[in-house]
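Residues per chain are reported as follows:
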Amino acid sequence: MIKKFSSRRDFFGAALSLAAAPAALADAPRRDAPPLKSLTNAPMGCSTNLVALKDPAYAALLLRNFSQVTPEYEMKMNPITHTDGRLNFTLADNFMGFARQNRLRVHATTLVWYKHQPPYFMGLDGKGQVFADAYRNYLLTVVGRYRGQVVGWDVVNEPVWTDGTRLRDSLWSSNLGAEDYMVLAFEYAKQADPNAVLFINEFDLERLPRKRATFLNLVERLLKRGAKIDGIGTQSHVNINLPQGASTLTMRDLAALGLKIHVSELDVSLGRADRDNRSMDDKLKLQSAKAWEVVDAFMNLPASQRYALTMWGLMDKNTWLRQLPGREHDEPLAFYDDGQPKPMFWAMADRLKTR
Ligand code: G3I
């Protein structure tokens, strides 16, 4: 049984001093956990999906803490694009309906991603103008459908190769050009919804300085070519072994372009349990310190650059990470499986509420 903190003060003192006595850990009362969204005027977001939302307790906890949602799956290319090219918006419309009913902002992900190359587009591979027309039609139709309903889009997702040495090859780059597919995507998205905030989104910017540099150089080149990029998404899938200060340094580098910043997919992995014999208490304290640093870096941005801070999942049991080998029991999020706030919740809350 993992002990929990009796109050924010107990946790906070412990989170920042790894030597804190285990006595600092006690059952955290549900009653005084403030809604995260109430602690700051920066939009607090969370990814979610229609399957998870069927659980009323889950939905209540999400609505209590967050004012913005990102569809984990429903507005991506694969679920929308039928094999014959017809576009199916059932899941996307249902997701938007939930958001509308609950007065939630929606940040949508993602329009163009190397991981979603639907069979319809694969069938157009190498077909020149036919491919280009289908690409344009997809972007104009999808973004146009939610014009005025979606606050922002991840237009291009994960364009840089995993190790940061080059750009990714994809169906989009091979048919439209290594960077042209990105310029076109932003052009079509801006045309379809001039008021949507348009993002380029990437992961591992904190962990790999080389990838961060390659990414920022790409963004600068795209901007020089007139790409309508309004913001940068740093996914922030971080872990407890990330060197202290890495998130702070990354945020400084990203903010230098003056664009809006979205911490778009925050989770703090405890890593592979089978390869780490540190106590759970110590790992949770490290996790809290990492989460605190991410929130601190975000909150230290000028208000004009603070787009949103989005968790990639609500409770630990919702995390995508548990699909990875050796991570079946990872606990990367702010709430335990029973909905109780974790030490990282208190760390985030304490940083959010300090102006
Ligand atoms: O629920 C449907 C089911 O009805 C359908 O029959 C089935 C067909 O494959 O798909 C089911 O949906 C799954 C969906 O998650 C449920 O939310 C998809 O299979 C599965 O591929 C999808 O995985 C998502 C993944 O992106 C791919 O879209 C993960 O939940 C989501 O956490 C993950 O998120 C990505 C970000 O978009 C980009 N950054 C990395 C992050 C983690 O991989």
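See above for the structure.
The text that follows walks through the structure, step by step, so that each part is easy to find.

Some points on the overall build of the protein
- A count of helical and extended segments in the protein gives 12 helices and 10 strands.
- Taking 355 residues into account, the globule formula puts the C-alpha radius of gyration at 20 Å, and the protein, at 20 Å, falls close to it.
- Seen along its three principal axes, the alpha-carbon backbone of the protein occupies a region of about 65 × 40 × 40 Å.
- Looking at the protein residue by residue over its 355 residues, the buried ones come to 59%.
- Considering only contacts within the protein whose residues lie at least 6 apart along the sequence, 75% involve residues at least 24 apart.
- Carbon together with sulfur atoms contributes 52% to the accessible area of the protein, which is approximately 14,600 Å² in total.

Quick word on unusual backbone geometry
- For the bond running from T109 to T110, omega is -20 degrees, close enough to zero to count as cis.
- The backbone of E158 sits at a positive phi, close to 55 degrees, despite the residue not being glycine.
- Along the chain, E158 falls in the loop between β5 (152–157) and α7 (171–176).

Some points on the environment of T48
- Along the polypeptide, T48 turns up in strand β1 (residues 44–48).
- The spacing of T48 and T70 is 22 residues in sequence and 6.3 Å in space, taken between C-alpha atoms.
- In contact with T48, not counting residues within four places along its chain, are L53, Y58, L62, V69, T70, P71, E72, E74 and F95.
- There is a polar contact of 2.6 Å between the side chain of T48 and the side chain of Y58.

Let's talk about the site of the ligand
- Lining the immediate surroundings of the ligand are 13 residues, of which E72, K76, E158, E265 and W312 lie closest.
- At 3.3 Å, a side-chain N or O of H116 approaches an oxygen atom of the ligand.
- In this structure, W312 approaches the ligand through a side-chain N or O atom, which is 3.0 Å from an oxygen atom.
- Relative to its free-state accessible area of 790 Å², the ligand is covered by the protein chains to the extent of 58%.
- A breakdown of the residues in the shell around the ligand according to their chemical character gives four nonpolar, five polar and four charged.

Let's talk about helix α8 (residues 180–192)
- Under the 1.5 Å per step criterion, the end-to-end length of α8 is 18 Å for 13 residues, consistent within 8% with the ideal 18 Å.
- Taken together, the buried positions of α8 are Y181, M182, V183, A185, F186, Y188, A189, K190 and A192.
- Structurally, α8 contributes buried residues whose contacts are with β4 (112–113), α6 (128–145), β5, α7, β6 (197–202) and α9 (209–224).

Comments concerning the packing of aromatic side chains
- Inspection of the entire model under this criterion finds 11 aromatic pairs.
- Ring plane angle 70 degrees and centroid distance 6.2 Å describe the contact between F89 and Y146, whose orientation is recorded as edge-to-face. Of this pair, F89 sits in the loop between α3 (77–80) and α4 (90–101) while Y146 sits in the loop between α6 and β5, placing them 57 residues apart in sequence.
- Between F121 and W172, the aromatic rings sit 5.2 Å apart at their centres with planes inclined by 75 degrees, giving edge-to-face as the arrangement.

Comments concerning the packing of helix α10 (residues 246–255) against helix α11 (residues 280–299)
- One can describe the packing of α10 onto α11 by two numbers: an axis separation of 8 Å at closest approach and a directional angle of 25 degrees. One finds that α10 runs roughly parallel with respect to α11. When the axes of α10 and α11 are compared, the crossing they make is right-handed. For the pair α10 and α11, the contacting residues are A246, S247, T248 and M251 in the first and E293, V294, A297 and F298 in the second.
- Partitioned by chemical class, the residues of the contact of α10 with α11 number five nonpolar, two polar and one charged.

Cut-offs applied
Residues numbered from 1 in each chain as written. Predicted model: local features only at pLDDT ≥ 70, side-chain atom pairs only at ≥ 80, totals over all residues. Heavy atoms only, no water. Helix = DSSP H or I, 4+ residues; strand = E, 2+ residues; numbered from the N terminus. Rg over C-alpha atoms; globule rule 2.2 N^0.38 Å. Buried < 20%, exposed > 50% of the residue type's maximum accessible area, 1.4 Å probe, protein only. Contact = heavy atoms within 4.5 Å. Areas by Shrake-Rupley, 256 points an atom, 1.4 Å probe, with all protein chains shown as cover. Polar contact = N/O pair within 3.5 Å; in protein donor to acceptor, adjacent residues only side chain to side chain. Near = heavy atom within 4 Å. Nonpolar A, V, L, I, M, F, W, Y, C, P; charged D, E, K, R; others polar. Expected span 1.5 Å × (residues − 1). Phe/Tyr/Trp six-rings, centres within 6.5 Å; stacked < 30°, edge-to-face > 60°. Axes fitted to C-alpha atoms, helices over the stretch in contact; angles between N-to-C directions. Parallel < 35°, antiparallel > 145°, perpendicular 65-115°, else oblique. Left-handed = near helix turned anticlockwise from the far one by under 90°.

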